Amino acid sequence: MIRDNKIWNADNGNGTYTNPILYTDYSDPDVCRVGDDYFMVASSFCNAPGLPVLHSKDLVNWKVISYAIEKVPGEQFDKPRHGCGVWAPAIRYHEGEFIIFFPMPDEGIYVVKTKNPWGQWDEPTCLYAGKGWIDPCPFWDEDGKAYMVSAFAKSRIGFKSILNLCEITPDCLQMKDEGKYIFDGTKENQETIEGPKMYKRNGYYYIFAPAGGVKQGWQTVLRSKNIWGPYEYRDVMLQKDTEVNGPHQGAWVDTPSGEDWFIHFQDVYAAGRIIHLQPMRWVDDWPVIGEYEEGEQAGKPVTTWTKPNVGGSFEAVSPAAEDDFTTDTLGLQWQWNANPKDGWYQLDTEKQVLVLHAVKRDADSITNVPNLLLQKWSMPECCAVAKLDLSELQDGDVAGMMSMGMTYAALGVEKAEGKKRICVIHGEQHFSNERATAIDTYDLMEEIKGNEVYFANIVRRVPSTEYNSDGPYTFPIPAEEISLAYSLDGVNYKEMISYPSKAGRWVGVKHGLFSYHEGEGKAGNARFEYFKYTENVI
């Protein structure tokens, strides 16, 4: 499955695909079809740019084409607020416009629009200001009225497992009222029901919503002839005997040929929430998702399956992951650890390097440094390497490679008193009252000569030793070992730290590059020549 410069691709090249279609943390996906094109959005939390927009022609092969927001709304996101920010979005196409609804659990519900998803999106507008409203999805009925279905975050509002419906103006700029609760999962054996997506078919209003929790839940569908209910429901996809735990939040999408499909995520702990594609069919006006036996109401996730019939075949592609810094823009895989500021970087197109300016550090931990340049893991095992030119480092600068997760580590070069030494920074994040804290352990290692150093971040899958038995199914918890190494010649690497991965708080592990400055002296620059994937170097 690891192809094309070691990047994950699910297309088997023979008319079939193998799940997951994206081994990348595109959390809480939603998808819409416009003609022959499919568009996906996902959560992005405090990272910027935010709200990644992906495009596909066949539902299997996806590329990031833009971000819907350049910055997370609010000055508070000028510093990292891990796990906060942009949560589960919904994307729809209505009257010539692409419209994304996205929640921020501490701030409210926002709407952003464009007529060209490959280009610039409008500035977001706030539809609802307040805490605790999450997972909004718009819906336009045949009579022209518009609605929003949404859920609630207990951590912000004190309760969960409730779905709410309210009427909004068709332009999505105002709520007519706060609506009413239309489904109470606590009374219907659907605890933690959330992530609702509303559709209409054959006179029924449908709400697709996961329940039971992210790591051990299932897919539920509600239906009613009246948009306000009452709603009946069924469980339509369960884990059963598969390895796909908690098949969670996603989107129903059809093809021009009349097929129905469902895209959803699976939480695989440290790697985050990866994306699956399931066949879907209708039986007695109820959807059944995945593989199923005749007479069953709920299917199970498939592994390898026939690709969607989209009227043609398309090139096997994957979201960008490598960058040689030869163009005047960063690759679309990159996100900052917080809202970016002018002066953090430049792309030297003549020398073909990324220049990361050593921004003065005022964070307590490296995990809270805003100008970390990061990207998501794109496969279950990998070796990412980067080359750093040290010639413009100044005393007080520290630069190198970072692996950012609940457990984290950075391997870099510190320059002080004219000398350059390898340093290792590591620790573990802790959450309390929705705030992340960490205390760095800083180890200063050997001195190095010369102005070139290579870094490697190696991720290895290791046998699972723990099991999740909180829900209806028991399954092994995925485990990885993360290592950071350096080399002075690009061939012989020395491992400096290795540690087990740990599941994050809604966010998967990311890795990338950093450059910061400590002290009062003049700051310098870190010049990175590439970030690429290769065979394991140690």
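No experiment lies behind these values; they were computed from the predicted model shown.

A. Looking closely at the overall build of the protein. Broken down by element type, the protein carries one helix and 43 strands. The C-alpha atoms of the protein give a radius of gyration of 23 Å, which matches the 24 Å a tight globule of 538 residues would have. Dimensions of the protein along its principal axes, counting C-alpha atoms only, are 75 × 45 × 45 Å. In the protein, which comprises 538 residues, the proportion classed as buried is 61%.

B. Up close: the nonpolar core. Ranked by size, the top nonpolar core spans 85 residues in total, and within it Trp62 and Phe208 carry the most contacts. At five residues, the largest contribution of residues to this core is made by strand 22 (residues 273–283). If you look at the next biggest cluster of nonpolar residues, it comprises 24 residues, including Phe45, Trp87, Tyr147 and Ile227.

C. The arrangement of the pairing of strand 41 (residues 493–500) in detail. Pairing between strand 40 (residues 479–487) and strand 41: seven bridges, direction antiparallel. Residue pairing across strands places alanine 485 opposite glutamate 495, the latter belonging to strand 41. Between the antiparallel neighbours strand 40 and strand 41 lie five residues, among them glycine 490 with a positive phi of about 80 degrees.

D. Expanded view of unusual backbone geometry. Cis geometry is found at the peptide bond from asparagine 19 to proline 20, where omega equals 0 degrees. Of note, proline 20 is situated in the loop between strand 3 (16–18) and strand 4 (30–34). For the peptide bond that leads from glycine 229 to proline 230, omega is 5 degrees, which places it in the cis range. A positive phi angle, near 65 degrees, is found at serine 161, a position not held by glycine. Turning to its location among the elements, serine 161 is positioned in the loop between helix 1 (154–157) and strand 14 (162–168). Owing to a relative accessible area of 1%, serine 161 belongs among the buried residues under this scheme. Even without being glycine, tryptophan 506 reaches a positive phi, approximately 75 degrees. Position of tryptophan 506 among the secondary structure elements: in the loop between strand 41 and strand 42 (510–517).

E. Representation of the sheet that holds strand 16 (residues 197–201) within the structure. Sheet architecture is open: four strands sit in the order 16-17-18-19, paired in antiparallel fashion. On the outer flanks of this sheet lie strand 16 and strand 19 (232–237), each paired with one strand and no other. The mean angle between the axes of side-by-side strands here comes to 30 degrees, regardless of whether they run parallel or antiparallel.

F. Local environment of the packing of aromatic side chains. Scanning all chains against the criterion turns up 27 aromatic pairs. Considering the side-chain rings of phenylalanine 39 and phenylalanine 98, the 4.9 Å spacing of their centres and the 70 degrees angle between planes classify their relative orientation as edge-to-face. Within this pair, whereas phenylalanine 39 is found in strand 5 (residues 37–41), its partner phenylalanine 98 is found in strand 9 (residues 97–104), the two being separated by 59 residues in sequence. Note on phenylalanine 39: relative accessible area 2%, which makes it buried. Using a relative accessible area of 5% as the deciding quantity, one classes phenylalanine 98 as buried. When the ring of tyrosine 204 is compared with that of tyrosine 206, the centres are 5.9 Å apart and the planes differ by 55 degrees; the resulting orientation is tilted. Tyrosine 206 matches tyrosine 204 in its accessibility class, with the two residues each being buried. Members of the aromatic cluster, each reached through a chain of ring pairs, are Tyr199, Tyr204, Tyr206, Phe208, Trp252, Phe262 and Trp282. It is lysine 225 that lies over the ring of tyrosine 204; its NZ or CZ is 4.2 Å from the centre. Looking at lysine 532, its charged tip hangs above the ring of tyrosine 530, at a distance of 4.5 Å from the centre.

G. Molecular detail of the pattern of salt bridges. With the rule as written, the count across this model stands at 31 salt bridges. The residue lysine 300 makes a salt bridge to aspartate 241 at a minimum N-O spacing of 2.9 Å. Pair noted here: lysine 300 is in the loop between strand 23 (286–289) and strand 24 (304–306) and aspartate 241 is in the loop between strand 19 and strand 20 (248–254), with a separation of 59 residues, a long-range link. Within the structure, one salt-bridge network assembled from shared partners comprises Asp28, Lys215, Asp267 and Arg273.

H. Local environment of the environment of asparagine 12. Mapped onto the fold, asparagine 12 is located in the loop between strand 2 (7–8) and strand 3. The spatial distance from the C-alpha of asparagine 12 to the C-alpha of threonine 465 is 31 Å, given a sequence separation of 453 residues.

I. Region of interest: the sheet that holds strand 5. Pairing within the open sheet is antiparallel, and its four strands lie in the order 4-5-6-7. In the strand order of this sheet, the two ends are held by strand 4 and strand 7 (63–69), each with one partner. For this sheet, the mean inter-axis angle between neighbouring strands, taken without regard to orientation, is 25 degrees.

J. Local environment of the environment of glutamate 123. Topologically, glutamate 123 is positioned in the loop between strand 10 (108–114) and strand 11 (125–129). Looking at glutamate 123, the relative accessible area reads 66%, which means it is exposed. For the pair glutamate 123 and asparagine 19, spaced 104 residues apart in sequence, the C-alpha to C-alpha distance is 35 Å.

K. Spotlight on the side chain of serine 365. Positionally, serine 365 belongs in the loop between strand 28 (359–360) and strand 29 (373–376). Looking at serine 365, the relative accessible area reads 0%, which means it is buried. Among the polar contacts listed, one links the side chain of serine 365 to the side chain of tyrosine 408, at a separation of 3.4 Å. With sequence-adjacent residues up to four places away left out, serine 365 is seen in contact with Tyr408, Ala438 and Asp440.

L. Summary view of the side chain of aspartate 11. Inspection of the secondary structure puts aspartate 11 in the loop between strand 2 and strand 3. In terms of polar contacts, aspartate 11 uses its side chain to reach the side chain of lysine 307, at 2.8 Å.

M. A look at the confidence of the model for the protein. The predicted model of the protein averages 96 in pLDDT, with 99% of residues at 70 or higher. Counted against residues more than four places away or in other chains, residues 1–5, with its pLDDT under 50, gives 17 contacts.

Cut-offs applied
- Residues numbered from 1 in each chain as written.
- Predicted model: local features only at pLDDT ≥ 70, side-chain atom pairs only at ≥ 80, totals over all residues.
- Heavy atoms only, no water.
- Helix = DSSP H or I, 4+ residues; strand = E, 2+ residues; numbered from the N terminus.
- Rg over C-alpha atoms; globule rule 2.2 N^0.38 Å.
- Buried < 20%, exposed > 50% of the residue type's maximum accessible area, 1.4 Å probe, protein only.
- Core = buried A, V, L, I, M, F, W, Y, C linked by side-chain atoms within 4.5 Å.
- Pairing = 2+ DSSP bridges.
- Axes fitted to C-alpha atoms, helices over the stretch in contact; angles between N-to-C directions.
- Phe/Tyr/Trp six-rings, centres within 6.5 Å; stacked < 30°, edge-to-face > 60°.
- Lys NZ or Arg CZ within 6 Å of the ring centre and 35° of its normal.
- Salt bridge = Lys/Arg side-chain N within 4 Å of Asp/Glu carboxyl O.
- Polar contact = N/O pair within 3.5 Å; in protein donor to acceptor, adjacent residues only side chain to side chain.
- Contact = heavy atoms within 4.5 Å.
- pLDDT = per-residue confidence, 0-100.

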